[in-house]
Amino acid sequence: MTRRFWARSGAVVLLWMGAQGCARVPVVQDADVDALADWPEPAPEDEKKIESAEPVTPHAPLPAPPRASNLLVLGGGGEPSSNEIALEKNVRYFQRTLEAQGLAPASASVYFANGNDGQATVRYLGEGAREQFKALEIPHLKGPATLEHFLEWVDRSARDTPHQPAFIYFTGHGGLNSRHRNNNHLALWEGDTLTVRAFGLFLNRLPSTTPVVTVMAQCYAGSFANFIYQDANPKRPVVAQPRCGFFATTDFLPSVGCTPEVDEADYKDYSSSFFAGLSGRDRMGKAVASADHDGDGRVSYAEAHAFAKVDGETTDLPISTSEAWLQRRATRRDRRRFLSAPILEVLRGGRPEQRYVVESLVARLGFLPELSVRDNLKTTMPRTEEAVAYVERLYMELINIGMQEKLRASASPQALSVLDRLLQCENGSWDTPPGAVPVPVQASEAEAAAGEP
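Residues numbered from 1 in each chain as written. Predicted model: local features only at pLDDT ≥ 70, side-chain atom pairs only at ≥ 80, totals over all residues. Heavy atoms only, no water.

Asks: I'd love a proper account of the overall build of the chain, names of residues and values included.
Replies: Of the regular secondary structure elements, the chain holds 14 helices and 16 strands. The proportion of buried residues among the 453 residues of the chain is 58%. Taking all contacts inside the chain whose residues are at least 6 apart in sequence as the whole, residues at least 24 apart take part in 77%. For the chain, the accessible area works out to roughly 17500 Å², and carbon and sulfur atoms hold 51% of it. (Helix = DSSP H or I, 4+ residues; strand = E, 2+ residues; numbered from the N terminus. Buried < 20%, exposed > 50% of the residue type's maximum accessible area, 1.4 Å probe, protein only. Contact = heavy atoms within 4.5 Å. Areas by Shrake-Rupley, 256 points an atom, 1.4 Å probe, with all protein chains shown as cover.)

Asks: Please set out the side chain of arginine 421 residue by residue, giving values where relevant.
Replies: Along the polypeptide, arginine 421 turns up in helix H13 (residues 413-426). The side chain of arginine 421 sits in the buried core without any salt bridge; aspartate 420 is the nearest counter-charge, 10 Å away. Setting aside chain neighbours within four positions, we find arginine 421 in contact with His59, Ala60, Leu62, Val238, Val239, Ala240, Gln241 and Pro242. (Lys, Arg positive; Asp, Glu negative; His and termini not counted. Salt bridge = Lys/Arg side-chain N within 4 Å of Asp/Glu carboxyl O.)

Asks: I'd like a description of the packing of helix H6 (residues 301-311) against helix H12 (residues 385-410), backed by residues and values.
Replies: Taken N-terminus to C-terminus, the directions of H6 and H12 make an angle of 150°; their axes are 10 Å apart at the nearest point. It follows that H6 is roughly antiparallel to H12 by the angle criterion. Two secondary-structure elements touch here, H6 through Ala308, Lys309 and Val310 and H12 through Tyr390, Arg393, Glu397 and Asn400. Its residues placed into classes, the contact of H6 with H12 shows three nonpolar, one polar and three charged. (Axes fitted to C-alpha atoms, helices over the stretch in contact; angles between N-to-C directions. Parallel < 35°, antiparallel > 145°, perpendicular 65-115°, else oblique. Nonpolar A, V, L, I, M, F, W, Y, C, P; charged D, E, K, R; others polar.)

Asks: Describe the state of the cysteines, with residues and values.
Replies: Evaluation of the coordinates by the stated rule reveals one disulfide. Between the sulfur atoms of cysteine 244 and its disulfide partner cysteine 425 the distance amounts to 2.2 Å. Its S-S torsion of approximately -75° makes the covalent link between cysteine 244 and cysteine 425 left-handed. Taken together, the residues cysteine 244 in strand S14 (residues 243-247) and cysteine 425 in helix H13 connect sequence positions 181 residues apart. The same class applies to cysteine 244 and to cysteine 425, which are both buried. (Disulfide = S-S within 2.5 Å.)

Asks: Residues and numbers for the pairing of S14, please.
Replies: When you tally the buried positions in S14, you get five out of five residues, the bulk of the element. Side chains Arg243, Gly245 and Phe247 of S14 all project onto a buried face; the interleaved residues Cys244 and Phe246 project onto the opposite face, where all are buried too. Bridge count between strand S13 (residues 212-216) and S14: five bridges; the pairing is parallel. Considered in S14, the bridge of valine 213 is made with cysteine 244. Taken together, the two bridges between S14 and strand S15 (residues 319-320) define a ladder with antiparallel strand orientation. If you follow phenylalanine 246 over to S15, its bridge partner there is serine 320. (Pairing = 2+ DSSP bridges.)

Right under this line is the structure:
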C-alpha cells in the first residue's frame, strides 16, 4: 500500500492507494488540519437527524459476554492467482492458536479455497523469487470455501448447536462496492461472493438469541460492521440477534497481509496481531506481552483488538462494530472537539484497553499527552506510512472514547442499550474446556524458514 501524510504550514495531504491483492482505490484530499475532523464521514449536526436516521429498539443485555464454542474459518483466494500462501498460513496459525488455548484444532470447521481436491492452487515465491503453486496443507480441512459450504455450516449450526455462540474468522480477499460501501463483499472460491447484506440474512437462520462474533482481515473489511443492522442498512434498526465483529480496516481502504512470501516471521497483519493478543503467543510460538488490560484473568476479543491496533507496524485502520456505530454518530462538531481537546482530557473516560491504545500510540508518535492531536501535529511530524496510520488510529480511538462518554451523558435509553450490548458481545472470548491447559506451540522450522512453503 502507498499512503502519504504531510502537515507542513498547517496543510495536510492524505493519499490512499490500493494494496497487493485488492483493487486500487485512490483518494486524495488537500485540506487544513481540520480535515481530520471530517474523517470518517461525519454525522449530521442535528442530533435529532442522527436518531431518526438510525432507529433503535430496546435490547436486553446479554446474560454474560459470549464464550464462543462453534468456530468457523473461511479463507483463501477466489482463484489460484489470488490464493497466496500467507492466507493458508493464517489458517494454520489460527489452528495453533486454538491449541495454545487448550482447544482441539479439529473443533473448528475450516473451508479454504479449493478444499481437498489436491490441485496445486496455493501461490508462493520459491527459490529465486520464482512464482510457484502447491497443494493445500491444512489439517482438518472440510472442503472448499464456497457459498454452498457456508450455508451448510449455518444450517448445521441451527440444527445441531443452535445455542452455542459462534465465532467466524475470514482470511481472504474483499471487494469494494463503490456505490454502497455498507454492502461490500467477500471473495469465495470459483467466483462465489458473499455481501454484507447476504451474510446478515443467512445468519438470521440461527436463533435470535445466539451470539455471533466475526474477525475479518480482508480489504474493505469494515463494511461488515453493518451486519448488525437489518439488511445491512444503518438507517434500519439493529437486529435482535447479538452480533459484533472486528475488522482489519475501514470500509473504503485495502488491508495488508496478502503475500506469496513464505517467511512467516515477516508477516505483519491484523489477524496475526489479534490472535497473538488473544492467545499470548505470536505466530512463531513466542510469548507476547499480556493483552489482559483490565486484569480479570482472561483476554477478551476487545482486548485482543486493542493489542492489534498497537502491535503490528502496518497501515491498517482496525475497527469494531461498536466503534463503527459510535463513529457514525459523531458530528463534525464532535470530531473537532476531540481533535482540539488535550489527549489526557479525552482519555479520562476510556476503558482499560482504550487507555492502552491511546497511551501506546502517543508514546510511539512522540506526542505530548497534555496537548491535543491538533497541537501535537504542529510540531511532531509523522515520517512513515506506519506513523500516519498511528495518527489516524489515535484519532479514531479518541472519537470512540469521546462519543461513548457523550452518549452515556445524553443519549436515549434505546441507544445506550444497543451500545452496551455491542460492548458485551465484544467482551466475549473463546470457551475453553474445563481444566484445559494452554500449551506453548512452536512453529516448525520448515514453516519458519525463508524459501520453504
